[in-house]
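# Structural features, examined
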Amino acid sequence: MRPTTRFLLLCACIFTPQFIYSTAASAAPTAKMMANTCAMCHGTDGKAMGKMEELYGKPANKIADELFEFKQENKGRVMAPLMNAYTDEQIRMIAKYFESLPSKKR
Amino acid sequence: MERNFTRRDFLSMAAAGAAVSLGGFGRAFAQSTQDKRVVVIGGGFAGAACAKYLRRADPAIQVTLIERQRNYVTCPSSNLVLIGQQPLSAITLGYDKLRLNHGVKVVYGNAVSIDPSGRKVALESGEALPYDRLVVAPGIDFKYAALEGYSEQAATVMPHAWKAGPQTELLRRQLEQMPNGGTVIITVPPAPFRCPPGPYERASLIAYYLKRNKPKSKVLILDANNGFAVQEGFMEAWQALYPGMIEWVPGSKGGRATKVDAKSLTVSTSAGQHRGNVVNVIPPQKAGDLADKAGLTDETGWCPVDAGSFESTRQKDIHVIGDSSIAGKLPKSAAAANAEAKVCAAAIASLLAGRTVGDPSFINACYALASPTYGLSVAGVYERTAGGIAPLPGAFGVSPLKESAKYRAKEAQDASGWYENIVADSFT
């Protein structure tokens, strides 16, 4: 490998978090880390029991819209303070995570 | 933490022009988790959820859960059993689903000692279980010596019912047998203790039962503390639902129990003696005995841990989660235990694979019932801070005051939904 190529690859490595996922210290919790905290009330992977809202496999837009509503309109009982914790970007990350879960197995 | 490889390390290596090929780099630092062993001691909300989420994080890791009993009775919802609203069987769980659904190996036995340097757990049976990382989740034990007159023996007369099971049924029978016009005393220990709103939910639900069955009776709370969780919400509910039935004596007004006597059913405080027909002594608490024996506790009686991984600051390769740990501002609740378990599981999976531990995120969401149809809540998102773990600004809330009956009923319904889901998320 030529030195320049090696240098460029190293740069790519440093500036592409996905590529060095195994070693980079993230500045914020991952989508999975945040989504797993929802499971306490909404079931593992968002597969809810009983009357709690199901999140598993729902369209990300639908989840995010509801979460924004809790946040902006101070609604949803405990959901209002909880949603205050997250940036809009984090709310979208959580919503996308639940949408992206494999749909085969319950 | 020398196994961690941080971005800073990487940058400094890159800056130093370390001439490693990328392939070689990957091989040098990524570790296989094949045949790595994690042992979890204690199958409460913390231990069970941690075992499950470890297997979900990395199925190559072998996870063994050590638990003394085949059945676990949850403390959440046990106050409804106390007043006959549901049977004990409704809050009794087993461990089969952790095994069947997630491949957790469950060993029923008593862990008697830990060898941190040899990385082994000794069971009472003589068996020794080796580990690469150990999770200790023994819950609470009682500081009997901190309350004169209280002991395991005295608890058969003045039940604590602060570990659910036979104690819950004993207290229920006593409530059923007490005369109309009698007094139920609940003593509350100095904080921290398991389930901060628990004693006040218990007082509420006992008042609910008494109002319907023995309406001349009273509940007297003798509290070592000067305030309590969701205090305004409870006070509002007591005024509305049970006027004059519940008296709360704070520590500053002589509420702190200094001595109890099982023969005469009396509680002594600095302000005098109180006699009850039923005396529920919630004793002073500390981390589970095993944590003490393993050198995991500090002078407070609880276990200091790193807020990102829950690794003990006292013993290497040992993590402490749930009520035993000092988790900053997170309370000793099933909800916090469940949240800590997931953070710990993710951290251990990363550490065993040679990856850096990511940032943690926690939710604590607790419900308490002022009556079976009147719910109160406290909820927050917590993060790691310089001082430990604390709720994010603006992301902490308690039930609002002056709400409608419909709102309270909805929160009671949320409480039952919470219970169903946290149990499933932790044990199945």
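Residues numbered from 1 in each chain as written. Chains lettered and ligands numbered in written order. Predicted model: local features only at pLDDT ≥ 70, side-chain atom pairs only at ≥ 80, totals over all residues. Heavy atoms only, no water.

## Thoughts on the overall build of chain A
When you go through chain A residue by residue, the secondary structure sums to five helices and zero strands. Helices and strands appear in chain A in the N-to-C order α-α-α-α-α. Across the 106 residues in chain A, those meeting the buried criterion constitute 46%. Of the contacts formed within chain A by residues at least 6 apart in sequence, a portion of 54% connects residues at least 24 apart. When the accessible surface of chain A is totalled, it reaches about 6,200 Å², and 59% of it is carbon and sulfur. (Helix = DSSP H or I, 4+ residues; strand = E, 2+ residues; numbered from the N terminus. Buried < 20%, exposed > 50% of the residue type's maximum accessible area, 1.4 Å probe, protein only. Contact = heavy atoms within 4.5 Å. Areas by Shrake-Rupley, 256 points an atom, 1.4 Å probe, with all protein chains shown as cover.)

## Quick look at the environment of B:Phe228
Residues and elements named next belong to chain B. You can see Phe-228 is positioned in the loop between strand E12 (218–223) and helix H8 (231–241). With a relative accessible area of 11%, Phe-228 lands in the buried category. Taking the C-alpha atoms as reference points, Phe-228 and Pro-197, 31 residues apart in sequence, are found 7.0 Å from one another. Apart from residues lying up to four places away in sequence, Phe-228 is in contact with Tyr-200, Asp-223, Phe-234, Met-235, Trp-238 and Trp-248.

## Side note on the packing of helix H2 (residues 31–42) of chain A against helix H11 (residues 405–427) of chain B
Any two packed helices are characterised by how steeply their axes cross, that is the angle between the axes, and by the distance between the axes. Orientation of H2(A) relative to H11(B), taken along the N-to-C sense of each, is 125 degrees, at an axis distance of 6 Å. Judged on the interaxial angle alone, H11(B) and H2(A) are oblique. Residue-level inspection shows A:Ala39, A:Met40, A:Cys41 and A:His42 of H2(A) in contact with H11(B), the latter providing B:Gly417, B:Trp418, B:Asn421, B:Ile422 and B:Asp425. Of the residues contributing to the contact of H2(A) with H11(B), the split by class is five nonpolar, three polar and one charged. (Axes fitted to C-alpha atoms, helices over the stretch in contact; angles between N-to-C directions. Parallel < 35°, antiparallel > 145°, perpendicular 65-115°, else oblique. Nonpolar A, V, L, I, M, F, W, Y, C, P; charged D, E, K, R; others polar.)

## Notes on the sheet that holds strand E16 (residues 272–275) of chain B
Residues and elements named next belong to chain B. Read across the open sheet, the three strands follow the order E14-E15-E16; overall the sheet is antiparallel. If you trace the sheet from one side to the other, it starts and ends with strand E14 (257–261) and E16, each paired once. If you compare each strand with its neighbour and ignore which way they point, the axes differ by 25 degrees on average. Pairing between E14 and strand E15 (residues 266–269): four bridges, direction antiparallel. By the bridge assignment, Ala-257 is partnered in E15 with Thr-269. (Pairing = 2+ DSSP bridges.)

## Remarks on the sheet that holds strand E1 (residues 37–41) of chain B
All names here are of chain B. Strand order in the open sheet formed by five strands is E5-E2-E1-E9-E20, and the pairing between neighbours is parallel. Single-partner strands in this sheet number two, and they are strand E5 (105–108) and strand E20 (318–320). Between one strand axis and the next, the sheet turns by 20 degrees as a mean value, whatever way the strands run. In this sheet, strand E9 (residues 133–136) lies alongside E1 in parallel orientation, the contact comprising four bridges. Across the sheet, residue Val-38 finds its bridge partner in E9, namely Arg-133.

## Quick notes on the pairing of strand E13 (residues 246–249) of chain B
Of the pairings in the sheet, the one linking E12(B) to E13(B) comprises four bridges and is parallel in character. Note that in E13(B) the partner of B:Leu222 across the bridge is B:Val249.

## As for the packing of helix H10 (residues 334–352) of chain B against H11(B)
All names here are of chain B. Contact geometry of H10 with H11 gives a least axis separation of 11 Å together with a crossing angle of 30 degrees. The interaxial crossing formed by H10 with H11 has left-handed handedness. Taken together, the residues of H11 that come into contact with H10 (itself represented by Ala-334, Ala-335, Asn-338 and Lys-342) are Trp-418, Ile-422, Asp-425 and Ser-426. For the contact of H10 with H11, the class distribution of residues is four nonpolar, two polar and two charged. (Left-handed = near helix turned anticlockwise from the far one by under 90°.)

## Quick notes on the confidence of the model for chain B
Per-residue confidence for chain B gives a mean pLDDT of 93; residues scoring 70 or more make up 93%. The low-confidence segment residues 1–28 of chain B, where pLDDT is below 50, has 36 contacts with residues more than four positions distant or belonging to other chains. (pLDDT = per-residue confidence, 0-100.)

## Side note on helix H7 (residues 198–213) of chain B
Look at H7(B): 22 Å from first C-alpha to last across 16 residues, which is about the 22 Å you get at 1.5 Å a residue. Judged by how many residues are buried, H7(B) sits mostly within the fold: 13 of 16 residues are covered. (Expected span 1.5 Å × (residues − 1).)

## A look at the packing of aromatic side chains
Residues and elements named next belong to chain B. The final tally for this structure, using the stated rule, is 15 aromatic pairs over all chains. Pairing Tyr-200 with Phe-234 gives two aromatic rings, centres 6.2 Å apart and planes at 55 degrees, and the pair type is tilted. Of this pair, Tyr-200 sits in helix H7 while Phe-234 sits in helix H8, placing them 34 residues apart in sequence. Accessibility classification places Tyr-200 together with Phe-234 in one group, the buried group. When the centroid spacing of 5.9 Å and the interplanar angle of 40 degrees are considered together, the rings of Phe-234 and Trp-238 count as tilted. Here Trp-238 and Phe-234 lie together in helix H8, a separation of four residues that amounts to about one turn. A residue is classified by how much of its surface remains accessible, and Trp-238, at 6% relative accessible area, is buried. (Phe/Tyr/Trp six-rings, centres within 6.5 Å; stacked < 30°, edge-to-face > 60°.)

## Things to note about H10(B)
With 19 residues, H10(B) extends 26 Å from end C-alpha to end C-alpha; this agrees with the ideal 27 Å at 1.5 Å per step. The element H10(B) is extensively covered by neighbouring structure, given that 18 of its 19 residues are classed as buried.

## Observations concerning the pairing of strand E23 (residues 374–385) of chain B
Note on strand geometry: in a regular strand, side chains alternate between the two faces of the sheet. Residue and element names in this part refer to chain B. Buried residues dominate E23, accounting for nine of its 12 residues. As judged from the nine bridges shared by strand E22 (residues 362–371) and E23, these two strands associate in the antiparallel manner. By the bridge assignment for E23, Phe-362 is matched with Tyr-382. Once E22 ends, the chain turns through two residues before running back antiparallel as E23. Once E23 ends, the chain turns through two residues before running back antiparallel as strand E24 (residues 388–398).

## Quick look at the pattern of salt bridges
What the rule picks out here adds up to 23 salt bridges over all chains. Between B:Arg56 and A:Asp45 there is a salt bridge, with the nearest N and O atoms lying 2.7 Å from each other. Of this pair, B:Arg56 sits in helix H3 (residues 45–57) while A:Asp45 sits in the loop between H2 and helix H3 (60–73), on two different chains. For B:Arg172, the salt bridge is made with B:Glu169, and the minimal N-O distance between the two is 3.4 Å. Of this pair, B:Arg172 and B:Glu169 are both found in helix H6 (residues 166–177), three residues apart, which corresponds to roughly one turn of the helix. (Salt bridge = Lys/Arg side-chain N within 4 Å of Asp/Glu carboxyl O.)

## Observations regarding the side chain of B:Ser324
Residues and elements named next belong to chain B. Inspection of the secondary structure assignment puts Ser-324 in the loop between E20 and strand E21 (325–326). Classification of Ser-324 by relative accessible area gives buried; the value is 0%. Within the local environment of Ser-324, its side chain forms a polar contact with the backbone oxygen of Gly-139, the two atoms lying 2.7 Å apart. A distance of 3.2 Å separates a polar side-chain atom of Ser-324 from the backbone nitrogen of Gly-288. For Ser-324, the contacting residues outside a window of four places in its chain are Pro-138, Gly-139, Ala-287, Gly-288, Trp-302 and Cys-303. (Polar contact = N/O pair within 3.5 Å; in protein donor to acceptor, adjacent residues only side chain to side chain.)

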